[in-house]
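Structural characterization, general
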Amino acid sequence: MSLDQSATTVKALLDAAQLKVSDEEFLKFAEVYPIMRAQADALYLPELEPESPALSFDPTVGYE
Amino acid sequence: MTAPLTIADAAKALRSGDLTAAALTASIFERIEALDAKLGAYVCTLPETAMASAEAADADFAKGVDKGPLQGIPLAVKDIISTEDAPTTANSRVLDPAWGGGIDAPVVARLRAAGAVVVGKATTSEFALGAPDPDKGFPIPRNPWALECTAGGSSSGTGVAVAAGLALGGLGTDTGGSVRFPAAMNGHTGLKVTFGRVPKSGVVPLGYSLDSVGPMARSAMDCALLLSVMAGYDASDPDAASAPVDDYAAALDGSAVGVRVGVPMPYFFDAPGLDPEVRDGVLAAVDVLRGAGAVVSDTEIGYAEQAKNATMMTLSSEAFSYHRLNLVDRWTDYGKFTRPGLARGALFSAGDFAQAQRFRNWFRAEVARVLAEFDVLVTPTWATPAFLLSEMLPERMILTPGYTPQWNLTGLPAVAVPCGFSSSGLPLSMQIIGRPFAEATVLKVADAYQQLTDWHLQVPPVAALTTV
């Protein structure tokens, strides 16, 4: 991912979250984002196919 | 007498009549007065309430009332944990200081009920994330072994206080390593507990599914004494576990004979960025355990680096959900090293978060498979000794190897134990990891090591001990 591509994506994501960062901060995000994206992508492993996410929700809470 | 270094020694002196809680607490405040301007361990100190607690402890001793080994012991409480006698700031201009409602968090209430003396609120990285920002007006915690270096984070103040003798122990919190990192940097012992072992209600959240409250002190024994009081179910924390609380101190028999120690070599001992002095120091510590009768074998844990990244992704996402409204409205009120870390959560998708939680289940099973063969695992705690404060940047955890986050992802207990010094005189630390709720085992192994070494008892020259 080029810095330009990263900057475009980061701008869209920060805008969507309504975060107003400085130019210097934006550049840092754009530099680091490809690494973060690669780290996230590396979790999409074939061996995880049978796994459910480690989330839980108890519908009975609040009824006691 | 010389000021006691450990809770265990102080508890003995308080019972033998060699020391009073009031004298011990007064000596701690004298040390704070002399040292804290340069060390930055405390956001606020509480001399009036602390001295009242100490005098109450002495009165109880005089009446023959003994509430256990924490009675009259001066402790520091990280400033993201609510207390009745001081505001909770999270070292942030964003948090309402009335947060927590002026009520002791359950873990603090337990310590007070056991007779402990709360000396003050210890500095923390803002909201338990990031690095100190000199522009925000909070003290900058400094490493007592080298003032230009980081004291670690986020439970920096408690770590500095323990290392410099400004408290005999205290509370930290650990979401990705925040008890163990300062313990490693400052050269003392720090335990990240099993998720749910200690109630975390009354603690400002960072990563809901990762947060834990842990003891920080010089020795494994002291951590055991603290944990025996801190641990146990509390209905106010939906994640609190009802698993029985062990007598942790009683489990420390000083022996490592027959303990099966796994040493996961790939990544934990060969990742680029691991300082050779750390690696050699930890392997030398493993040799000490072997010499003490432990059965040591190399092993392997798959996808350890991905587990670190999944932890940080989970932490960022959960922290972002808590902070987003304030990030939108009050971006510059957050410290310059905090806000990027919190905002990172906006850069992951909901699918990424769910996938990280799928990975989490898978990795938990992978580690359980390895721990079926071992009682504990040993790794470095941190990849380097303390580094310059100016190098404590938000992206550091993304770009460098990390050995603490995996155990938050899996919820396992892990203790940081001093194991030497670098050639530049900075502490080195090994990490001992165990099965869920096996705090007694990890502390037993740490204690066995500390019976044979005295790294945990070293005092930084800047904080040379005084008399009480």
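Summing up its helical and strand segments, chain A has 2 helices and 0 strands in all. Relative to the globule expectation of 11 Å for 64 residues, the C-alpha radius of gyration of chain A, 18 Å, shows a markedly less compact shape. With the principal axes as the frame, chain A shows a C-alpha extent of 50 × 35 × 15 Å. Within chain A, the proportion of its 64 residues that are buried is 16%.

A few words on the interface of chain B and chain A. The partner chain A presents 26 residues to the 27 residues of chain B that form the contact. Those elements that provide at least two residues to the side of chain B that touches chain A are helix 10 (304–329), helix 11 (339–343), helix 12 (350–371) and helix 13 (396–399) of chain B. With 10 residues, helix 12 of chain B is the largest single contributor of residues to the side of chain B that touches chain A. In terms of residue class, the side of chain B that touches chain A is made up of 16 nonpolar, 5 polar and 6 charged.

We now examine the sheet that holds strand 6 (residues 213–217) of chain B. Residue and element names in this part refer to chain B. Overall, mixed pairing links the 11 strands, which are arranged 1-3-2-4-6-5-10-11-9-7-8 in an open sheet. Single-partner strands in this sheet number two, and they are strand 1 (42–45) and strand 8 (295–299). Ignoring which end each strand starts from, the neighbouring axes of this sheet average 25° apart. Sheet topology note: the strand 9 (residues 376–380)/strand 11 (residues 427–434) ladder contains 5 bridges and is antiparallel. Each bridged residue has a counterpart across the sheet, and for T379 the counterpart in strand 11 is Q431.

Moving on to the environment of L24 of chain B. Following the sequence through the fold, L24 of chain B ends up in helix 2 (residues 21–39). Distance from L24 of chain B to G291 of chain B, taken between C-alpha atoms, is 38 Å for residues 267 residues apart in sequence.

A few words now on the packing of helix 1 (residues 3–16) of chain A against helix 2 (residues 23–41) of chain A. Residue and element names in this part refer to chain A. Between helix 1 and helix 2, the shortest axis-to-axis distance is 8 Å and the interhelical angle comes to 110°. Comparing their axes, helix 2 and helix 1 come out roughly perpendicular. By crossing handedness, the relation of helix 1 to helix 2 is classed as right-handed. For the pair formed by helix 1 and helix 2, the contact residues are L3, S6, A7, T9 and V10 on the first element and F26, F29, A30, Y33 and P34 on the second. In terms of residue class, the contact of helix 1 with helix 2 is made up of 8 nonpolar, 2 polar and no charged.

Ranked by size, the top nonpolar core spans 160 residues in total, and within it L75, V415, I432 and L443 of chain B carry the most contacts. Beyond its immediate sequence surroundings of up to four residues, I432 of chain B is in contact with V376, V378, A414, V415, V417, V442, V445 and A446 of chain B.

Cut-off values and rules
- Residues numbered from 1 in each chain as written.
- Chains lettered and ligands numbered in written order.
- Predicted model: local features only at pLDDT ≥ 70, side-chain atom pairs only at ≥ 80, totals over all residues.
- Helix = DSSP H or I, 4+ residues; strand = E, 2+ residues; numbered from the N terminus.
- Rg over C-alpha atoms; globule rule 2.2 N^0.38 Å.
- Buried ≥ 20, exposed ≤ 12 C-beta atoms within 10 Å, placed from the backbone.
- Contact = placed C-beta atoms within 7 Å.
- Nonpolar A, V, L, I, M, F, W, Y, C, P; charged D, E, K, R; others polar.
- Pairing = 2+ DSSP bridges.
- Axes fitted to C-alpha atoms, helices over the stretch in contact; angles between N-to-C directions.
- Parallel < 35°, antiparallel > 145°, perpendicular 65-115°, else oblique.
- Left-handed = near helix turned anticlockwise from the far one by under 90°.
- Core = buried A, V, L, I, M, F, W, Y, C linked by C-beta atoms within 7 Å.

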